[in-house]
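Spelled out from the first residue to the last, the chains are:
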Amino acid sequence: MAVPKKRTSYSRQRMRRSHDHIKIHPVGVCEKCGQNKFPHHMCLECGYYKGRKVIITKAERRTLRREKKEN
């Protein structure tokens, strides 16, 4: 069984893990609602991507459910 002969120093240990840091993602702004969003992703607030409606948001779902209950 392979066992290290010497203890790994703190400096060498940290150098090995230098790429494990948290990455900061670039942030863009949605053209429709002005909220922050990731580039090349749809806006989670309004559901638009490149000027097209892609998904129904939670707020829109709630209003649809209320309208169904009233009818």
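Cut-offs and rules
Residues numbered from 1 in each chain as written. Predicted model: local features only at pLDDT ≥ 70, side-chain atom pairs only at ≥ 80, totals over all residues. Heavy atoms only, no water. Patch = residues over 30% accessible without salt bridge, like charges linked within 9 Å, V, L, I, M, F, W, Y side chains within 5 Å. Areas by Shrake-Rupley, 256 points an atom, 1.4 Å probe, with all protein chains shown as cover. Salt bridge = Lys/Arg side-chain N within 4 Å of Asp/Glu carboxyl O. Lys, Arg positive; Asp, Glu negative; His and termini not counted. Charge placed at Lys NZ, Arg CZ, Asp CG, Glu CD. Helix = DSSP H or I, 4+ residues; strand = E, 2+ residues; numbered from the N terminus. Buried < 20%, exposed > 50% of the residue type's maximum accessible area, 1.4 Å probe, protein only. Contact = heavy atoms within 4.5 Å.

### A look at a positive patch on the surface
Part 1: A grouping of Lys58, Arg61, Arg62, Arg65, Arg66, Lys68 and Lys69 is seen on the molecular surface, where their side chains present a positively charged patch.
Part 2: Mapped onto the elements of the fold, Arg61 is located in helix 2 (residues 58-70).
Part 3: Owing to a relative accessible area of 42%, Arg61 belongs among the partly exposed residues under this scheme.

### A closer look at the pattern of salt bridges
Part 1: Applying the stated criterion to the full structure yields one salt bridge.
Part 2: The salt bridge involving Lys53 is made with Glu60; its shortest N-O contact spans 2.8 Å.
Part 3: Residue class for Lys53 comes out partly exposed when judged on its relative accessible area of 37%.
Part 4: According to the relative accessible area criterion, Glu60 is partly exposed, its value standing at 29%.

### Overview of the environment of Pro39
Part 1: The topology assignment puts Pro39 in the loop between strand 2 (36-37) and strand 3 (48-49).
Part 2: By relative accessible area, which is 34% here, Pro39 ends up partly exposed.
Part 3: For the pair Pro39 and Val3, spaced 36 residues apart in sequence, the C-alpha separation works out to 46 Å.
Part 4: With residues up to four places along the chain from it excluded, the contact list for Pro39 reads Pro26, Val27 and Gly28.

### Observations concerning unusual backbone geometry
Part 1: Phi angles above zero are rare outside glycine, and His40 is one such case at about 65 degrees.
Part 2: Looking at the secondary structure, you find His40 in the loop between strand 2 and strand 3.
Part 3: With a relative accessible area of 71%, His40 lands in the exposed category.
Part 4: Despite not being glycine, Lys50 has its phi angle at roughly 55 degrees, a positive value.
Part 5: With respect to the element layout, Lys50 can be found in the loop between strand 3 and strand 4 (52-53).

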